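Chain residues, written in single-letter form:
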Amino acid sequence: MKVFQSNQNITQLTDFTQLLAFNLDNEVARFKYIQQPLGDQIKQYIVVEQQKIVAVVIVDITTNIRVVKHGLIRKGVSKPNVFDALSTYFQSLRWSGVQYQLVSNWDEHYLLQRDFEANGLIFTKKYDYPIYFIFGGGGAHGAFQTGAFDVLKAAGIIPEAIIGVSVGAITGMSLMHLDSATAHEVWQFLTTKHVYGVPEIGPTREKFTRAMINQIISRDFKSKRSLYNLFLPVATKELQNPQVKFMLITTNAKALTQKLITVNKDMTPQKLAQWVVASSAFYPVVSPMEIDGDRYIDGGYSNDVPINEAIKQGAKDIYIFDIQGMGRSRRYQIPRDVKLHWIKTKWDLGPMLDFNPVKSQDNLKLGELEAQKFLGQLVGARYFFSERPKFNTFDWENLIEQFASTDFTTKFIPLLNNPVLEHLLRLKLSKFLGNKIKPNQISGQMLVEFSAYILGIKPTETYTHQTFVTAIKQHANQANIITKFNLPADEWSLAYLYQHPEVILIAVIYLLV
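Residues numbered from 1 in each chain as written. Predicted model: local features only at pLDDT ≥ 70, side-chain atom pairs only at ≥ 80, totals over all residues. Heavy atoms only, no water.

**Section: the nonpolar core**
Here is the rule: Residue types Ala, Val, Leu, Ile, Met, Phe, Trp, Tyr and Cys, when buried and joined through side-chain atoms within 4.5 Å, form a set referred to as a nonpolar core. Buried residues are those whose accessible area, probed at 1.4 Å on protein chains only, stays under 20% of the maximum for their type, while exposed residues exceed 50% and partly exposed ones sit between those limits. What makes two residues a contact is simply this: any of their non-hydrogen atoms within 4.5 Å.
By size, the foremost hydrophobic cluster in this structure holds 113 residues, and its most contacted members are Phe133 and Leu272. Setting aside its immediate chain neighbours within four residues, Leu272 contacts Met173, Met176, Ala235, Leu239, Phe246, Val263 and Met267. Membership of the second largest hydrophobic core comes to 29 residues, among which are Val82, Phe83, Ala85 and Phe116.

Printed below as a string of structure tokens:
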């Protein structure tokens, strides 16, 4: 069954009877329904099954707890299914609750079975929307999660439960008191040496691939003891009167199946530290973690972003802190009353397994900024602005007029009239922004931010229109432009232009500075 809001009354009511005892009899109920005007304060919701309307309710939405005034159901239709469909839909609207005001209790059991509270003939149910945080895997990117958590907590978004995977299990464990002080302290000093006992694993993609191959062949596993020693004092502290339910995912090394661990009052710090090591034991860099006779490896091998587990446990608002992990994600179906909120970034968070305190602080700041943008506190295509900058003069349709304003930029006008060049630039903009840009959708905001990206302006600050332009001016020296735009020494060939359509942005930068 599906539920929709409708502004048109049903006219054929002969097959309908009362959903509940809203009125003394069915004839009165049908008459009152027909006479009921709809508008901003009174809404109608219809239940549809197999393209047929099977039920309808009229709801007063002026109060915090919505009041159902009328309800009709087609004869022979399952009332329990209708109530369940309505409940799911009402919760998808994030209503605080719903109330049925009846004249008789002849059908009250349908409501009582669904945990409605009875006060005479008034039946009320307040909805609960459990918040779950999911901290996925991503190795050295984990500081991003800490920064984002701080912002959500400051905004009053507090989880009832946290599910962590790999480095997300480390983050989650450190937040069992909903206090990120420990996490901040760790990210300020944590290096690859602390984690694996070696200076580096693979700071570049090529070195990372070579390191993984060497590890598989040599089986020169790095020590897990340093990880355990790092986690044990945190586990000891966080197990003392935790403020939030904490779970983690690890992977059975033999079957490659997930194992969900729920921390309870009986878990010892030693055991929790072992399970967190197991969840973050990235094979083949480290060997599997043996616990109670079984061997476990990184949770990302079985379920890197366990949305399905949060849904199973009744989560309604799920916040996913995605840090560009390489693990496997399981399929999931989203119930209508469940909402997913993704906190992630398009910016590169750096090497996966090489921990660097400076990069960690950048990632922590990115987590803060992306969470603020998620909450609507900041704006921007990829960079972060305290208010929307006014770069609309550089919208694509305005560029010919803008370029005609100086002798230097006039030379770029023929490039604007080349449809192939425009198409190739859109492809690069789409990659930069992470979503497809259609013709006639190139905005000045996109072009200016892409220009800043090419020039190497860092994203870990909050900008205004003026400070962003100032940053571009500081980077727009001749040597930097030649290097960043790969400008040839001789004349620009058509082949070069098609390979580097972003050279159009040099004119934009010229006009900005």
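**Observations concerning the environment of Trp275**
Put simply, the test is: Strands here are runs of E lasting at least two residues and helices are runs of H or I lasting at least four, both read from the DSSP assignment and numbered beginning at the N terminus.
With respect to the secondary-structure elements, Trp275 resides in helix α10 (residues 269-279). Each C-alpha atom of the pair Trp275 and Thr250 lies 7.7 Å from the other, and the pair is 25 residues apart in sequence. Sequence-distant contacts of Trp275, defined by excluding residues within four places in its chain, comprise Leu248, Thr250, Lys259, Ile261, Met267, Ile291 and Tyr296.

**Things to note about the UniProt feature "domain: PNPLA" (unreviewed entry) in the chain**
Here is the rule: UniProt positions are given in the numbering used here, feature names are shortened, and annotations may be inferred rather than shown by experiment.
Under the UniProt annotation, the feature "domain: PNPLA" (unreviewed entry) is placed at residues 133-311. Taken end to end, residues 133-311 comprises 46% helix and 16% strand; its first and last C-alpha atoms sit 12 Å apart.

**As for unusual backbone geometry**
Following Tyr283, the chain continues into Pro284 via a peptide bond in cis, with omega recorded as 15°. Relative to the assigned elements, Pro284 resides in the loop between α10 and β13 (289-291). Of note in this structure, Ser166 is not a glycine but carries a positive phi near 60°. For Gln324, which is not glycine, the phi dihedral falls at a positive 60°. Inspection of the secondary structure puts Gln324 in the loop between β15 (317-321) and β16 (339-343).

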